[in-house]
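Architecture and fold: a report
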Amino acid sequence: MSNSQFKDWIKLTTIIAEIDQEVPEIECPNCHQLEIDYQYVGDLKSRAGFLDIWCNSCLHGIHLSRTKAPENVSLLSFDAAEEYKKKVPKFTPIEP
């Protein structure tokens, strides 16, 4: 995987930060399907934590640590491990 592909995945963070809960149809940088999903996980008070973005079609994605979830997006608590496992599939991470 190339660094430019990682940058394409990073660009999705801007789109996700501007949405209002619902994930719009976002094209996957890897397979070009409209199957992107995401999940922020962190401290519910400070909203600091991590973000996973993945494609439900090709199961590629990125994991970003040390990020802050915008107020308008879904955030799971660090304690919600079971809910996280149900929502986030095992995906192949794109490396920087």
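Residues numbered from 1 in each chain as written. Predicted model: local features only at pLDDT ≥ 70, side-chain atom pairs only at ≥ 80, totals over all residues. Heavy atoms only, no water.

Focus on the pattern of salt bridges
With the rule as written, the count across this model stands at four salt bridges. The shortest N-O distance in the salt bridge between Glu71 and Arg47 comes to 3.8 Å. Here Arg47 lies in the loop between strand S1 (36-42) and strand S2 (48-55) and Glu71 lies in the loop between strand S3 (60-68) and strand S4 (75-77), a separation of 24 residues in the sequence. A salt bridge links Glu82 to Lys85; its shortest N-O distance comes to 3.8 Å. Linking Glu82 with Lys85, this pair stays in helix H2 (residues 81-87), spanning three residues, or about one helical turn. In this structure, Glu82 and Lys85 share a single accessibility class: exposed. (Salt bridge = Lys/Arg side-chain N within 4 Å of Asp/Glu carboxyl O. Helix = DSSP H or I, 4+ residues; strand = E, 2+ residues; numbered from the N terminus. Buried < 20%, exposed > 50% of the residue type's maximum accessible area, 1.4 Å probe, protein only.)

So, the nonpolar core
One finds Trp9, Ile16, Ile36, Tyr38, Tyr40 and Ile53 to be the most contacted residues of the largest nonpolar core, which totals 19 residues. Within the residue set of this core, elements represented by two or more residues are helix H1 (3-17), S1, S2 and S3. With four residues, the single largest contributor to this core is H1. Ignoring anything within four residues of it in the chain, the contact list for Tyr40 reads Ile16, Phe50, Leu51, Thr67, Lys68, Ala69, Pro70, Val73, Ser74, Leu75 and Leu76. (Core = buried A, V, L, I, M, F, W, Y, C linked by side-chain atoms within 4.5 Å. Contact = heavy atoms within 4.5 Å.)

Comments concerning the sheet that holds strand S5 (residues 92-93)
Read from one edge of the open sheet, five strands run S4-S1-S2-S3-S5, paired in mixed fashion. Every other strand in the sheet has two partners, leaving S4 and S5 as the edge strands with one partner each. When S3 meets S5, the two strands line up parallel, connected through two bridges. The residue of S5 that forms the bridge with His60 is Thr92. Here H1 sits on the sheet and contacts S1, S2 and S3; the angle it forms with S3, its principal contact strand, is near 55°. (Pairing = 2+ DSSP bridges. Axes fitted to C-alpha atoms, helices over the stretch in contact; angles between N-to-C directions.)

Section: the environment of Ala17
Its place among the elements puts Ala17 in helix H1. In this structure, the C-alpha to C-alpha distance between Ala17 and Val88, residues 71 residues apart in sequence, is 18 Å.

Re unusual backbone geometry
Its identity as a non-glycine residue notwithstanding, Arg47 has a phi of 65°, on the positive side. Unlike most non-glycine residues, Arg66 shows phi in positive territory, near 55°. In this fold, Arg66 is placed in strand S3. What makes Arg66 exposed here is its relative accessible area of 82%.

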